[in-house]
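# Geometric and topological summary
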Amino acid sequence: MSMAEFVSCANCEALVDPQSRYCEHCGADLAVAAAFAEANVRLPTPLTNGLAITPEVLVPRLGDYLLERGLITSEDLERALNYQKEMALQGKALLLGQVLRELNLLDSETLDKVITEQILQLQAALKQSNRQLEQRVQERTRELQQALARLTELNQLKANFIANISHELRTPLAHIKGYLDLLAEDGFGPLSQEQRGAVQVLQRAERRLERLIEDLLQFSLATRGELTLNLAQVDLNQIASRAVGDAMPKARTSNILLTQKLAQGKPLVRCDEEKIYWVISQLLDNALKFTPNGGRVELETILNGKIVSILVKDTGIGIPTERLDELFVPFHQLDGSATRRYAGTGLGLALCNRIIEAHKSKIEVQSMQGKGSIFSFSLPVV
């Protein structure tokens, strides 16, 4: 046998044959010595140095067990413990079993038998505990699977309900829109200045309701896995510029400076043009909504090698770091109170995230409360 095949004795660290039962140098039981060394590694407080390597180191509360069996008296145990303390003060660490043997309070055969019984009982208790643990894990796994199945079912029901109610809302909304357009075009006769202003307010409300219904429909499709992409090669700068132009009236009304900073050249990407336009518009709309009067919103495209990034920056109210994960939760708004200041369904960012994920990318968020936010995503250049 080569030297590489030998192992170190856990007691004296001399090289020994791993097939041997006892160390030929110190006589220690190699299996027990290994268990003792492992206990020293695993326990938060290592076992006392200098203790003999015997099976007793693996047995807890030996004295109590001997008392219960009637093998020693309480006086014997007290005498042994006192002797053990005296030896410890002299620098000689002894196990209780060794003390009992030295004081002739217990013979070796009885001690070995008791220790063996305890080790077997501990093994049985450990196996039983493992069985109970495995059973509990299986039960919890079944419970979680059932809960997941129920949650999936509820999400499906919710998506179906949203789709149905959205379709139902479209019909009366189409009638409202038609008659409002007729009124605005003097289809029922000339309107006074006051009446025309009222119709314009109604038209803005109708357009907002139309956008909300469309959001609900798109989200229900995405939830049911029916979000389809019409991929084509498009100029991302062109999409971004169109979104900024469409958001400009809202920026002026809110007295917010809206600017764009586009990458040089013509960054071509393969994407669903309308859906990416919708995402950029939604990010701009959110930035304008949460930026106070006099603030700034900027859309920037950055071409970096084979990747083009779209960033929407604002000087708005910002988002607490601990709440960033809540941004993309459907039907959830950070201000969920009855008196919340900002309107919306809580679906916009959730749907944006679904669309960007369908393009094999993701939305990144950087924000500082009171300082503003940056929402961004990237697409590969064709």
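The structure this text deals with has already been given above.
This section reports on the structure supplied with the text. (Residues numbered from 1 in each chain as written. Predicted model: local features only at pLDDT ≥ 70, side-chain atom pairs only at ≥ 80, totals over all residues. Heavy atoms only, no water.)

## A few points about the overall build of the protein
For the record, the criterion: Secondary structure elements are taken from DSSP: a helix is a run of H or I of four residues or more, a strand is a run of E of two residues or more, and numbering for both begins at the N terminus. Note on exposure labels: buried denotes an accessible area under 20% of the residue type's maximum, exposed denotes more than 50%, and partly exposed covers the range between, all computed with a 1.4 Å probe on protein chains only. Any pair of residues with heavy atoms lying within 4.5 Å of one another is described as a contacting pair. Each accessible area is a Shrake-Rupley estimate made with a 1.4 Å probe; only the visible protein chains count as cover when residues are assessed.
Across its full length, the protein holds 9 helices and 9 strands. Out of the 382 residues in the protein, the part that is buried amounts to 33%. Counted over contacts in the protein with a minimum sequence separation of 6, partners at least 24 positions apart contribute 63%. Taken as a whole, the protein presents about 23700 Å² of accessible surface, with 53% of it coming from carbon and sulfur.

## Remarks on helix α9 (residues 348-358)
Counting buried positions along α9 yields 8 of 11 residues, so the element is predominantly enclosed. Within α9, burial applies to Gly348, Leu349, Ala350, Leu351, Cys352, Asn353, Ile355 and Ile356. A positive phi of about 65° marks Lys360, the residue just after α9.

## Some remarks on the packing of helix α7 (residues 236-253) against helix α8 (residues 273-289)
For clarity, the cut-off: Fitted lines through C-alpha atoms serve as axes, helices being fitted only where they are in contact, and the angles separating the N-to-C directions of these axes extend from 0 to 180 degrees. Take the far helix as your reference; a near helix turned counterclockwise from it by less than a right angle gives a left-handed crossing, and one turned clockwise gives a right-handed crossing. Amino acids are sorted into nonpolar (Ala, Val, Leu, Ile, Met, Phe, Trp, Tyr, Cys and Pro), charged (Asp, Glu, Lys and Arg) and polar (every other residue, Gly among them).
Running from amino to carboxyl end, α7 crosses α8 at an angle of 35°, the nearest separation of the two axes being 9 Å. Along this stretch, α7 crosses α8, giving a crossing that reads as right-handed. Judged by residue contacts, Leu236, Ile239, Ala240, Arg242, Ala243, Val244, Asp246, Ala247, Lys250 and Ala251 of α7 engage Glu273, Glu274, Ile276, Tyr277, Ile280, Ser281, Leu284, Asp285, Leu288 and Lys289 from α8. Partitioned by chemical class, the residues of the contact of α7 with α8 number 12 nonpolar, 1 polar and 7 charged.

## A few points about a nonpolar patch on the surface
Here is the rule: A patch consists of residues whose relative accessible area exceeds 30% and which take part in no salt bridge; residues with like charges are grouped when within 9 Å of each other, and nonpolar side chains (Val, Leu, Ile, Met, Phe, Trp, Tyr) when within 5 Å. Salt bridge, as used here, is a side-chain nitrogen of Lys or Arg placed within 4 Å of a carboxyl oxygen of Asp or Glu.
A contiguous nonpolar surface patch, about 270 Å² in accessible area, is contributed by Phe161, Ile165 and Leu169. Within the secondary structure, Phe161 sits in helix α5 (residues 108-184).

## Comments concerning helix α2 (residues 62-69)
The condition is simple: In this context, the arc is that of the directions from the helix axis out to the C-beta atoms.
Taken together, the buried positions of α2 are Leu62, Gly63, Tyr65 and Leu66. One side of α2 holds all its buried residues, which, seen down the axis, span an arc of 160°.

## Regarding unusual backbone geometry
Phi at Asn104 is positive, roughly 55°, even though this residue is not glycine. Within the secondary structure layout, Asn104 lies in the loop between α4 (96-102) and α5. Residue class for Asn104 comes out exposed when judged on its relative accessible area of 70%. The residue Asn255 is not glycine, and still its phi comes out positive at about 55°. Along the chain, the position of Asn255 falls in the loop between α7 and β4 (257-261).

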